[in-house]
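Each chain is listed here by its residues.
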Amino acid sequence: MLFQAALCVILLVLMWWWRNRKFIQQYRKLGCTYTALPILGHAHMFIGNREAIMNTFIKFGEEAISRGGVAPLWLVNEYHLCIADALDCEAVLKNYFSKDKLLRMIRLLTGDSFIFAPVEIWKPRRRLMAPLFSVRSTNSFLGVFTRQSTRLAEQLQAAANQGPVALWPFVNAFTLDTACETVLGVELNSQLDNNNPLLVAVDRLVELAGDGLTKFWYQIDFIMKNHPSYRSFMTEQAIIQQFIDESIKEKEEKSHTIAMNPNTKEFFSLEDESRPVSLLEKLIQSVSAAGARAEALGLLLAAAGSAAAALAFTLLMLARHPAVQDKLYQELREVFGEDSARPVTLVDLQRLKYLEAVVRETLRLFPPAANIVREAHRDLTLPSGVEVLKGTNLILSIWGVQRNPKYWGPDAHEFRPERFLEGPLEHQSAFLAFSSGPRGCPGAQYASMVTKTAAATLLRRYRVRPLQHGPLRLLFSVTLKEIDNFTVSLQSRI
Ligand code: HEM
């Protein structure tokens with residue numbers, strides 16, 4: 001009996017070795033500082049809390065940099081390459097589009113949305129969705145961004161001059177309210193009520209998905225579906241989906257009030273031309289109510305989550321770099337005049353060059369999507385000469401690329417917004433916060449506008465002060481977070 005069991009194990013190991021021999025050979029050739037354990041590979045390094053997991057991702061990004069841009073690793077029986085070279089990432093993003101196998105839990109998060117959908121679903125949908133993200137469409141949301149930013153500034157008033165304030169709950173409600181209005185065309189007002197049921201459900205859903213991402217055993221269908229978190233996840237998702245369904249029903253009933261301008265190909269409201277048409281209404285017109293239902297949840301979460309991280313990190317960086325904040329305040333005074341609280345305009349946004357550099361520098365050092373993934377469906381030789389073998393799982397370390405001294409120089413880890421004002425980047429793909437290629441972020445302009453509008457509104461009213469100075473402690477989740485909920489202190493300027 002024992003002999004038969006031993007024989008079975010030996011056979012299984014031999015089969016695994018035979019199937020993975022190309023990967024094993026490459027792993028030996030490329031080399032890795034960290035020990036791969038039998039069966040687990042490097043998965044043991046990804047066990048722990050979210051801070052520990054983020055630190056492991058950082059270690060592999062640095063490992064890739066130290067080996068010329070690419071480091072191999074094993075997660076259980078799956079072979080991965082972690083890439084932190086800009087040109088290699090660019091080649092990957094141009095050639096591979098599939099990411100669905102690796103992101104099971106997060107795919108549950110966004111439902112049938114094209115964001116994490118298999119390539120055959122993603123490709124035609126992406127084409128249909130492109131007009132939703134046109135410059136004109138995004139610009140039409142400026143009124144929403146300014147109104148919600150003013151509300152954010154007012155909500156923070158009670159916390160000003162009072163000691164520590166955790167920015168995350170404020171910023172999180174702000175971006176959810178903004179996303180609800182632009183994506184669904186619904187005024188949520190969660191900034192005024194932190195027990196708002198949708199806000200609570202979205203927060204819980206994102207928390208659970210973050211948990212799911214950090215536990216590799218959730219990759220096993222049976223374990224995931226029988227875990228209590230899965231049931232909670234489904235409950236929260238049903239609450240959000242019901243909210244979306246009600247919005248769709250209401251917009252569908254009023255769809256005759258929306259028309260398309262034949263010249264600009266943009267939709268407008270026949271009842272009130274100044275009202276911005278939400279992405280949901282545009283989807284109902286251009287795709288169908290069913291198509292809109294499939295995409296709404298993904299869009300809502302994409303628009304809310306990463307933008308919140310971008311704004312919160314920007315404010316935290318400004319708090320920690322008073323000279324940068326002073327320089328930015330000077331720019332705000334030049335553009336808005338002294339003591340002006342007027343709403344931000346499109347012309348202002350174009351003139352706020354230093355603010356743009358501050359936001360980009362923040363996204364460089366703290367990319368909300370710190371890693372993105374792809375699956376290699378065929379062989380490819382990267383510009384660095386490394387062969388990507390069919391079947392390899394690719395982890396693109398955006399964190400690593402954006403801190404790689406080869407592209408950013410010896411001060412790559414320093415917060416220095418001026419680097420974005422010193423002429424165009426030599427390699428555009430050294431900045432990958434929004435990814436690139438056909439599957440890159442279509443919401444980049446939206447994200448930049450909402451972040452800059454909120455920052456320009458808040459920083460004219462408050463000085464942001466740091467509470468700590470040491471290295472930031474980061475958490476790996478659906479988007480990158482800071483362990484203390486971005487706690488700072490605020491000082492009124494007016
Ligand atoms: C600072 C804020 C944001 C950041 C850093 C960000 C980052 C990203 C990244 C890195 C990807 C690509 C992932 C990959 O290649 O696997 C992505 C995809 C996407 N983002 Fe964003 N995003 C932000 C804001 C937004 C906003 C505001 C929207 C919508 C209004 C949005 C909508 C999307 C969509 C729909 C995709 C999927 C694209 C596709 O698969 O074709 N994002 N985002």
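Everything numeric here is computed off the predicted structure, so don't read it as measured data.

Calculation criteria
- Residues numbered from 1 in each chain as written.
- Predicted model: local features only at pLDDT ≥ 70, side-chain atom pairs only at ≥ 80, totals over all residues.
- Heavy atoms only, no water.
- Helix = DSSP H or I, 4+ residues; strand = E, 2+ residues; numbered from the N terminus.
- Buried < 20%, exposed > 50% of the residue type's maximum accessible area, 1.4 Å probe, protein only.
- Contact = heavy atoms within 4.5 Å.
- Pairing = 2+ DSSP bridges.
- Axes fitted to C-alpha atoms, helices over the stretch in contact; angles between N-to-C directions.
- Donors = N, O, S within 2.8 Å, 3.2 Å for Na, K, Ca; no water.
- Core = buried A, V, L, I, M, F, W, Y, C linked by side-chain atoms within 4.5 Å.
- Salt bridge = Lys/Arg side-chain N within 4 Å of Asp/Glu carboxyl O.
- Near = heavy atom within 4 Å.
- Polar contact = N/O pair within 3.5 Å; in protein donor to acceptor, adjacent residues only side chain to side chain.
- Nonpolar A, V, L, I, M, F, W, Y, C, P; charged D, E, K, R; others polar.
- Parallel < 35°, antiparallel > 145°, perpendicular 65-115°, else oblique.
- Left-handed = near helix turned anticlockwise from the far one by under 90°.
- Patch = residues over 30% accessible without salt bridge, like charges linked within 9 Å, V, L, I, M, F, W, Y side chains within 5 Å.
- Areas by Shrake-Rupley, 256 points an atom, 1.4 Å probe, with all protein chains shown as cover.

Topic: the overall build of the chain
In step 1: If you tally the helices and strands in the chain, you get 20 helices and 13 strands.
In step 2: For the chain, the C-alpha atoms occupy an extent of roughly 80 × 55 × 45 Å along the three principal directions.
In step 3: Counting only residues that meet the buried cut, the chain has 53% of its 494 residues in that class.
In step 4: The long-range fraction of contacts in the chain, counting pairs at least 24 apart against all pairs at least 6 apart in sequence, stands at 73%.

Some remarks on the environment of V335
In step 1: Relative to the helices and strands, V335 is located in helix 15 (residues 322–336).
In step 2: When the C-alpha positions of V335 and A357 are compared, they lie 16 Å apart, and in sequence the two are 22 residues distant.
In step 3: Leave out the neighbours within four places in its chain, and V335 touches R342, D348, R351 and L352.

Describing the sheet that holds strand 10 (residues 462–466)
In step 1: Taken together, the three strands give an open sheet; going across it, the order is 3-13-10, and neighbouring strands pair in antiparallel fashion. Two strands lie at the open edges of the sheet, namely strand 3 (164–166) and strand 10, each paired on one side alone. Direction aside, the axes of adjacent strands within the sheet are offset by 50° on average.
In step 2: In the packing of helix 8 (residues 142–157) onto the sheet, the strands contacted are strand 3, strand 10 and strand 13 (487–492), and the crossing angle to strand 10 comes to about 60°.

Quick word on the coordination of the iron atom of the ligand
In step 1: One donor from the polypeptide reaches the iron atom of the ligand: C441 (SG), at 2.3 Å.
In step 2: Locating C441 in the fold gives a position in the loop between helix 19 (405–408) and helix 20 (444–461).

Examining the nonpolar core
In step 1: One finds I83, L184, I240, F366, L382 and L394 to be the most contacted residues of the largest nonpolar core, which totals 147 residues.
In step 2: For this core, the element with the most residues is helix 14 (residues 289–320), which contributes 21 residues.
In step 3: With near-sequence residues (within four places) excluded, I240 lies in contact with L198, A201, V202, L205, L297 and L300.

As for the sheet that holds strand 2 (residues 78–83)
In step 1: Spatial strand order, 1-2-9-6: four strands in an open sheet with mixed pairing. Of all strands in the sheet, those with a lone pairing partner are strand 1 (70–75) and strand 6 (371–375), marking the two edges. Within this sheet the neighbouring strands show an average axis-to-axis angle of 25°, counted without direction.
In step 2: Of the pairings in the sheet, the one linking strand 1 to strand 2 comprises six bridges and is antiparallel in character. Residue pairing for strand 2: L73 is matched across the bridge by H80.
In step 3: Taken strand by strand, helix 4 (residues 86–95) contacts strand 1, strand 2, strand 6 and strand 9 (393–397), and its axis lies near 130° from that of strand 9.

Comments concerning the pattern of salt bridges
In step 1: In this structure the tally under the stated criterion is 23 salt bridges.
In step 2: The network of salt bridges with shared partners includes E361, R364, D411, R416, R419 and E422.

Some details on the site of the ligand
In step 1: In the neighbourhood of the ligand, 25 residues make up the surrounding shell, with K99, W122, R126, R374 and C441 lying closest.
In step 2: Contact between the ligand and W122: an oxygen atom at 2.7 Å from a side-chain N or O atom of the residue.
In step 3: Here an oxygen atom of the ligand sits 3.0 Å away from a polar atom, N or O, in the side chain of S435.
In step 4: Put simply, the parts of the chain that give the shell around the ligand at least two residues each are helix 6 (119–129), helix 14, strand 6 and helix 20.
In step 5: At five residues, the largest contribution of residues to the shell around the ligand is made by helix 14.
In step 6: Grouping the constituent residues of the shell around the ligand by class yields 17 nonpolar, four polar and four charged.

Describing the environment of C32
In step 1: Looking at the secondary structure, you find C32 in the loop between helix 2 (21–30) and helix 3 (50–66).
In step 2: Separated by 165 residues in sequence, C32 and P197 place their C-alpha atoms 47 Å apart.
In step 3: The contacts of C32, once residues within four sequence positions are left out, are Y27, H42, F60, E63, R67 and P72.

Some thoughts on the packing of helix 13 (residues 279–286) against helix 14
In step 1: Look at helix 13 against helix 14: their axes get within 8 Å of each other, and the N-to-C directions meet at 150°. Relative to helix 14, helix 13 is oriented roughly antiparallel. As for the relative orientation of helix 13 and helix 14, their crossing is right-handed in sense. Facing helix 13, whose interface residues are L279, L280, L283 and I284, helix 14 presents A289, A292, E295, A296 and L299.
In step 2: Residue composition of the contact of helix 13 with helix 14, grouped by class: eight nonpolar, no polar and one charged.

A few points about a nonpolar patch on the surface
In step 1: Judged by side-chain polarity, F3, L7 and L11 come together as a nonpolar surface patch covering roughly 340 Å² of accessible area.
In step 2: Under the relative-accessibility criterion, L7 is labelled partly exposed at 42%.

Notes on the pairing of strand 13
On any regular strand, side chains alternate: one points to one face of the sheet, the next to the other face.
In step 1: In this structure, strand 3 lies alongside strand 13, joined through three bridges in antiparallel fashion. Paired with P164 across the strands is S489, a residue of strand 13.
In step 2: In the sheet, strand 10 pairs with strand 13 via five bridges, with the strands oriented antiparallel. Bridge pairing in strand 13 places R463 opposite Q491.

Looking at the pairing of strand 2
In step 1: With respect to burial, strand 2 is a largely interior element, five of its six residues being buried.
In step 2: The antiparallel hairpin formed by strand 1 and strand 2 contains two residues in its connecting segment, where V76 sits at a positive phi of about 50°.
In step 3: As defined by bridge partners, strand 2 adjoins strand 9 across four bridges and the pair is classed as parallel. Across the sheet, residue L81 finds its bridge partner in strand 9, namely L394.

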